[in-house]
Amino acid sequence: MTVRTMTIEDYDGVRALWMTISGFAIRSIDDSRAGVERFLRRNPSTSVVAEEDGRIVGSILCGHDGRRGCLYHVCVHRDYRMRGIGKAMVVYAMNALKAEEISKVSLIAFTKNDIGNAFWNRIGWTRRLDLNYYDFTLNEENIIKFNE
């Protein structure tokens, strides 16, 4: 298994992986090709893929705003789970953030994800009970409503 920095050339393989993951109909970022390309331009060294058997079996989109990093779309193909691939990708992304002097990192994990949540707890991440997460879609209709 190889873990490396993601490039836009990986998009088709990564998107194919995303489509195998239950729950990816809920988007936290624009994961179109153009959206991912913008994301990677802003964060050229922190997003990662894992390859095995000639295919992409894991990915993390990871970016930061200069203060806090965030992991998005963390996933490992079902057939490759429980083999250390997720942890290897997280370590790679964390080292990339550290090189950019980012020390605070967060992620959003679905509450109905027993394997994923057990993983984050096992590797020492802290579940924040003091946060509420809100979504707002910035479009013309919502901007008009917001300004009323």
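Our subject is the structure that appears above.
Report follows, based on the coordinates.

Conventions used here
Residues numbered from 1 in each chain as written. Predicted model: local features only at pLDDT ≥ 70, side-chain atom pairs only at ≥ 80, totals over all residues. Heavy atoms only, no water. Helix = DSSP H or I, 4+ residues; strand = E, 2+ residues; numbered from the N terminus. Buried < 20%, exposed > 50% of the residue type's maximum accessible area, 1.4 Å probe, protein only. Contact = heavy atoms within 4.5 Å. Core = buried A, V, L, I, M, F, W, Y, C linked by side-chain atoms within 4.5 Å. Arc of directions from axis to C-beta. Salt bridge = Lys/Arg side-chain N within 4 Å of Asp/Glu carboxyl O.

Position of E52 relative to the elements: it lies in strand β2 (residues 48-52). For E52, a relative accessible area of 14% corresponds to the buried category. Leave out the neighbours within four places in its chain, and E52 touches M1, V57, Y80, R83 and I85.

Here we take up the nonpolar core. Generally speaking, nonpolar side chains in soluble globular proteins are found buried as a group. Ranked by size, the top nonpolar core spans 16 residues in total, and within it A50, I60, C62, L71, I85 and M89 carry the most contacts. Broken down by secondary-structure element, the contributors of at least two residues to this core are β2, β3 (55-64), β4 (68-76) and α3 (85-99). Here this core gets 5 residues from one element, more than from any other, and that element is α3. When residues no more than four places from it in sequence are discounted, the contact partners of C62 are F39, N43, T46, S47, C70, L71, A93 and L97. Of all hydrophobic cores here, the second largest spans 15 residues; its members include Y11, V14, I56 and L61.

The topology assignment puts N43 in the loop between α2 (33-42) and β2. Non-local contacts of N43, meaning those with residues more than four positions away in its chain, are made with C62, G63 and H64.

Further remarks concern helix α1 (residues 11-18). Those residues of α1 that fall on the buried side of the exposure criterion are Y11, V14, L17 and W18. For α1, the arc enclosing every buried residue in end-on projection is 125°, short of the 170-degree limit, so these residues lie on one face. On its buried face, α1 sits against α2, β2, β3 and β4.

With that settled, the discussion passes to the pattern of salt bridges. The full count for this structure, using the stated rule, is 5 salt bridges. We note a salt bridge from E52 to R83, for which the minimum N-O separation is 2.1 Å. Of the two residues, E52 sits in strand β2 while R83 sits in the loop between β4 and α3, which places them 31 residues apart along the sequence. Since its relative accessible area comes to 47%, R83 is described here as partly exposed. The residue R67 makes a salt bridge to D65 at a minimum N-O spacing of 3.0 Å. A single salt-bridge network, built from bridges that share partners, covers R4, D10 and E51.

Shape is all these values report; function is a separate question.
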